[in-house]
Amino acid sequence: MEQKRFYLSETDKKIAGVCGGIAEYFNIDSLLVRVAFLLFTCSLGGGLLAYIVLWLCAPKRVGQ
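Along every chain, residues carry numbers that run from 1 in the direction the sequence is written. Owing to the predicted nature of the model, reporting of local features is limited to residues with pLDDT of at least 70; listing and counting of side-chain atom pairs is limited to 80 or more, with chain, interface and lining totals taken over all residues. With hydrogens and water set aside, each side-chain value is computed from the structure's full complement of heavy atoms.

Points about the overall build of the chain
Helix numbers and strand numbers start at the N terminus; a helix is a DSSP run of H or I with at least 4 residues, a strand a run of E with at least 2. Tallying secondary structure elements over the chain gives three helices and zero strands in all. Element order for the chain, N to C, with α for helix and β for strand: α-α-α. Computed over the C-alpha atoms, the radius of gyration of the chain is 12 Å, within 12% of the 11 Å expected from 2.2 N^0.38 for a compact globule of 64 residues. Each of the three principal axes of the chain carries a C-alpha extent, and together these read 40 × 25 × 20 Å. Remark: exposure states derive from per-residue accessible area (1.4 Å probe, protein chains only) relative to the maximum for the residue type, with buried under 20%, exposed over 50%, and partly exposed in between. By residue count, 28% of the 64 residues in the chain fall in the buried class. Residue contacts are defined here by distance: any two heavy atoms, one from each residue, within 4.5 Å place the two residues in contact. Long-range contacts, defined here as pairs at least 24 residues apart, represent 37% of the contacts in the chain between residues at least 6 apart. As displayed, the chain offers around 4900 Å² of accessible surface, 63% of which is attributable to carbon and sulfur atoms. The globule rule used for comparison is 2.2 Å times the number of residues to the exponent 0.38, while the radius of gyration itself is calculated over C-alpha atoms. Note on areas: Shrake-Rupley, 1.4 Å probe, and residue coverage restricted to the protein chains presented here.

Here we look at the side chain of S9
Within the secondary structure, S9 sits in the segment before α1 (18-26). Under the rule applied, a polar contact is a pair of N or O atoms within 3.5 Å (in protein, one hydrogen donor and one hydrogen acceptor; residues adjacent in sequence only if both atoms are side-chain atoms). For S9, the side chain forms a polar contact with the main-chain nitrogen of T11, separated by 3.3 Å. In this structure, S9 is in contact with A16, G17, G20, G21 and E24, ignoring residues within four places of it in sequence.

A word on a nonpolar patch on the surface
The residues that make up patches have over 30% relative accessible area and no salt bridge, and they are joined within 9 Å when like-charged or within 5 Å when they are Val, Leu, Ile, Met, Phe, Trp or Tyr. Every case where a carboxyl oxygen of Asp or Glu lies within 4 Å of a side-chain nitrogen of Lys or Arg is listed as a salt bridge. Together, I15, L48, I52, W55 and L56 line one region of the surface with nonpolar side chains, adding up to about 560 Å² of accessible area. As for its position among the elements, L48 is in helix α3 (residues 47-57).

Considering the packing of helix α2 (residues 30-43) against α3
Here the axes come from fitting lines to C-alpha atoms, over the contacting stretch only for helices, and the angles between their N-to-C directions go from 0 to 180 degrees. Relative to each other, α2 and α3 sit at 130 degrees, their axes nearing to 7 Å. Considering their axes alone, α2 and α3 lie oblique with respect to each other. Contact residues: α2 offers F37, F40 and T41, while α3 offers G47, L48, A50, Y51 and L54. Ten residue types, Ala, Val, Leu, Ile, Met, Phe, Trp, Tyr, Cys and Pro, are classed as nonpolar, four, Asp, Glu, Lys and Arg, as charged, and the remainder, Gly among them, as polar. Across the contact of α2 with α3, the residue classes tally to six nonpolar, two polar and no charged. Roughly parallel covers angles under 35 degrees, roughly antiparallel covers those over 145, roughly perpendicular covers 65 to 115, and oblique covers all other angles.

Points about the pattern of salt bridges
Where charged atoms from two side chains of opposite charge approach closely, those side chains can pair. Going through the model one piece at a time under the given rule, you end up with two salt bridges. K13 is the partner of E10 in a salt bridge, and the nearest nitrogen-oxygen pair spans 4.0 Å. You can call E10 partly exposed: its relative accessible area is 46%. Among the residues examined, K13 registers a relative accessible area of 40% and is labelled partly exposed. In this structure, R34 and D12 form a salt bridge, with 3.3 Å as the shortest nitrogen-oxygen distance.

Some thoughts on α1
For α1, the full list of buried residues reads V18, C19, G20, G21, I22 and A23. Structurally, α1 contributes buried residues whose contacts are with α2 and α3. A positive backbone phi angle near 55 degrees is found at N27, which sits one or two residues after α1.

And the structure:
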């Protein structure tokens, strides 16, 4: 059984594919993830930092 992994999305991206990758991982609409990041950024200020960390640390999908 293949283990589920988080990757940056190559097809559903606006900036780097972080929100699209999260949406693919949890099988939800990427708009919901983008709105959650926006709300988290506006209310707590941590959304932008979390996005940048995920962008730098998450692997790109290779070979698919």
